[in-house]
Amino acid sequence: MSFETISVVGLGYIGLPTAAMFASRKKQVIGVDVNQHAVDTINRGEIHIVEPELDMIVHAAVTESYLKAVTLPEPADAFLIAVPTPFKPCAEGEIPEPDLRYIEVASKAIALVLKKGDLVILESTSPVGATEQMAEWLAEIRPDLSFPQQRGENADVNVAHCPERVLPGHVVRELVENDRVIGGMSKRCSERSVELYKTFVQGDCVITNARTAEMAKLTENSCRDVQIAFANELSMICDKLDIDVWELIALANRHPRINILQPGPGVGGHCIAVDPWFIVSNTPEEAQLIHTARKVNDSKPEWVINKVKIAIADFLQANPEKSVKDVTIACYGLAFKPDIDDLRESPALEITKKITEMHSGRVIGVEPNIDKLPSKISDVELIPFETALLKGNVHVMLVDHKEFKEFKEFELSSSYIVDTKGIWGCDE
Ligand code: SAJ
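Here the residue index of a chain counts from 1 through its sequence in written order. Owing to the predicted nature of the model, reporting of local features is limited to residues with pLDDT of at least 70; listing and counting of side-chain atom pairs is limited to 80 or more, with chain, interface and lining totals taken over all residues. Only hydrogens and water are removed before side-chain values are computed, so all heavy atoms of the structure are retained for them.

Participant: Pulling in residues and values, what's your account of the pairing of strand S1 (residues 5–9)?
Facilitator: Burial analysis of S1 places four of its five residues in the buried class, the great majority of the element. Sheet topology note: the S1/strand S2 (residues 28–32) ladder contains five bridges and is parallel. Pairing of valine 8 across the sheet is with glycine 31, part of S2. The pairing criterion is simple: DSSP has to find at least two bridges between the two strands. Think of it this way: any DSSP run of H or I at least four residues long counts as a helix, any run of E at least two long counts as a strand, and we number them from the N terminus. In the sheet, S1 pairs with strand S4 (residues 78–81) via four bridges, with the strands oriented parallel. Across the sheet, residue isoleucine 6 finds its bridge partner in S4, namely alanine 78. Three exposure classes are used, based on accessible area relative to the maximum for each residue type with a 1.4 Å probe and protein chains only: buried under 20%, partly exposed in between, and exposed over 50%.

The following block contains the structure:
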């Protein structure tokens, strides 16, 4: 049975582009989101998130009536759930537990409109076992239908996990080109999911089971987290040993089997800094390395702040007529990574906020990708790059945006620079 109507639940950074890709292949797509603002924006043919090329695709899909957004699920042949999976709040030092509340709400909502022959796919990054849990929630609400945990290949409704793996900023291209891991709860569940994704995916659709698919996604992001932690740890070691970490990494990477990533102010975003915890909370005894990597990356912002304190002290020592209140600190970059406007879970933002709290003088911030600062750091003055270079006494390079990298005439005294990205030719 082919899929004529496809419903995507959760119209965020993954759900909306996915919905738009199906619609661009002339499928009828019903997007579902609890956020009325998002629904209204999409129905006007506009988008509420920043992602290159997406606005044109959504505009065309809505204008040609292939895509509509609603707040309550409607019947469809396939449902893709792409809602957030954050972790539950916990005390400092405790291992965060995944919060499946949004998956529960979404699956219970679509359960009401399910019919025999439907396919339900969980795309949200999930701890191992979440897809089976979702199938239980569906079965609870719909005892009149059978699910794979009850009837295997003969189930009325098929269920699979297919994690999203696209890179923010390149979502449209990666949705089409990346390989997909398809973890069905039965062989038939997997085969039907492959048929669905082949609507627009040009990469390979590789079949496995649901638990392995869940773990594959967590493994990818944990691997990157561990590799970044290695680079961040090196940067702290090199600082102590008076070695330029950027030169060191460039040299080591000349070895044919070495590829060290780049240190930075810490790891941001809502994926790499979150997903490893799903493994650690599930298997705390075994996940020693993954746990340590999280702690190393999470400790980096505090280390950067200490370097800023040292730079302030050095500046005051060289300028004894000045007091702390006279020192202006300029922070360059607030996003969680280069050349995007996304400030969510950004270590650069966290560092800037903490500097504002600890420093009695002026703190100025430069972020070329946004016009207005979020209210939580409204104390920071957002100013143009060139002005910050002139006004700042201590310069804190936090994100290697292209505007900063292209700047070749940086002639300030290197004594008062904390460069977490190594682009202004000085050590951290
Ligand atoms: N970072 C470094 N040094 C590096 C590379 C990255 O400090 O050498 C930092 C970045 O500045 C940023 C953080 O790591 O703060 C994460 O950035 P990222 O570009 O590594 O990854 P994300 O979070 O934008 O997207 C990741 C991707 N996963 C992998 O590359 C394994 C993407 O493919 C996933 O789809 C996405 O997570 C997700 O949604 O899970």
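Participant: So what's going on with the packing of aromatic side chains? Which residues, and what values?
Facilitator: Between 30 and 60 degrees the pair is tilted, below 30 it is stacked and above 60 it is edge-to-face, where a pair is any two Phe, Tyr or Trp rings, Trp via its six-membered ring, whose centres lie within 6.5 Å. Following the criterion strictly, the structure yields seven aromatic pairs and no others. With a centroid separation of 6.3 Å and an interplanar angle of 10°, the aromatic rings of phenylalanine 385 and tryptophan 424 are classed as stacked. Within this pair, whereas phenylalanine 385 is found in helix H14 (residues 385–391), its partner tryptophan 424 is found in the segment after strand S13 (417–419), the two being separated by 39 residues in sequence. A relative accessible area of 10% means that tryptophan 424 is categorised as buried. An aromatic cluster of at least three residues, connected via ring pairs, comprises Tyr332, Phe385, Phe404 and Trp424.

Participant: Let's hear about the site of the ligand: which residues, and what values?
Facilitator: If a single non-hydrogen atom of a residue is within 4 Å of a molecule or strand, that residue counts as near it. Taken together, the neighbourhood of the ligand is formed by 19 residues, with Glu164, Val166, Lys217, Arg224 and Phe336 sitting nearest. Each polar contact in these results corresponds to two N or O atoms within 3.5 Å; when the atoms are within protein, one needs to be able to donate a hydrogen and the other to accept it, and residues that are neighboring in sequence are counted only if both atoms are side-chain atoms. In this structure, asparagine 221 approaches the ligand through a side-chain N or O atom, which is 2.7 Å from an oxygen atom. Note that an oxygen atom of the ligand is positioned 2.5 Å from one of the side-chain N or O atoms of arginine 224. In isolation the ligand offers 770 Å² of accessible surface; the protein chains occlude 87% of this area. When residues of the shell around the ligand are assigned to their parent elements, the largest contribution, five residues, is made by helix H9 (residues 210–241). Put simply, Ala, Val, Leu, Ile, Met, Phe, Trp, Tyr, Cys and Pro go in the nonpolar bin, Asp, Glu, Lys and Arg in the charged bin, and everything else, Gly too, in the polar bin. Residues that form the shell around the ligand fall into these classes: nine nonpolar, three polar and seven charged. Surface accessibility in these figures is a Shrake-Rupley result with a 1.4 Å probe; residues are shielded only by whichever protein chains are displayed.

Participant: Tell me what's going on with the packing of H9 against helix H11 (residues 275–282), and back it up with residues and numbers.
Facilitator: With their axes 7 Å apart at the nearest point, H9 and H11 run at an angle of 110° to one another. Classified by the angle their axes make, H9 and H11 are roughly perpendicular. Judged by the twist between their axes, the crossing of H9 over H11 is left-handed. Note on element contacts: H11 touches H9 through Asp275, Pro276, Phe278 and Ile279, opposite Met215, Lys217, Leu218, Thr219, Asn221, Ser222 and Asp225. Note on geometry: axes are C-alpha line fits, over the in-contact stretch for helices, and angles between N-to-C directions span 0 to 180 degrees. Oblique is the label for any angle not under 35 degrees, not over 145, and not in the 65 to 115 range, which are roughly parallel, roughly antiparallel and roughly perpendicular in turn. A crossing counts as left-handed when the near helix is turned anticlockwise from the far one by less than a right angle, and as right-handed when that turn is clockwise. The contact rule is simple, with two residues in contact once any of their heavy atoms fall within 4.5 Å.

Participant: Tell me what's going on with the sheet that holds strand S9 (residues 329–332), and back it up with residues and numbers.
Facilitator: Sheets are built from strands paired through backbone hydrogen bonds, the pairs being either parallel or antiparallel. Taken together, five strands build an open sheet; the order of strands is S11-S10-S9-S12-S13 and the sheet is parallel. Of all strands in the sheet, those bounded by a partner on one side alone are strand S11 (381–382) and S13. As paired strands, S9 and strand S10 (residues 363–366) are joined by four bridges and run parallel to one another. Residue pairing across strands places cysteine 331 opposite glycine 365, the latter belonging to S10.

Participant: Residue-level account of helix H5 (residues 130–141), with values.
Facilitator: Under the convention used throughout, the expected extent of a helix is 1.5 Å for every residue step, that is, one less than its residue count. Across its twelve residues, H5 extends 17 Å between first and last C-alpha, which sits within 8% of the 16 Å expected from 1.5 Å per residue. Those residues of H5 that are buried are in contact with S4, helix H4 (101–111), strand S5 (119–122), helix H6 (148–151), strand S6 (158–161) and H9.

Participant: Hey, could you go over the side chain of aspartate 225 for me, with residue numbers and the actual values?
Facilitator: Secondary-structure assignment places aspartate 225 in helix H9. In this structure the side chain of aspartate 225 is engaged in a polar contact, spanning 2.7 Å, whose partner is the side chain of arginine 294. If we ignore the near neighbours within four places in the chain, the residues touching aspartate 225 are Val267, Ile272, Pro276, Ala293, Arg294 and Asn297.

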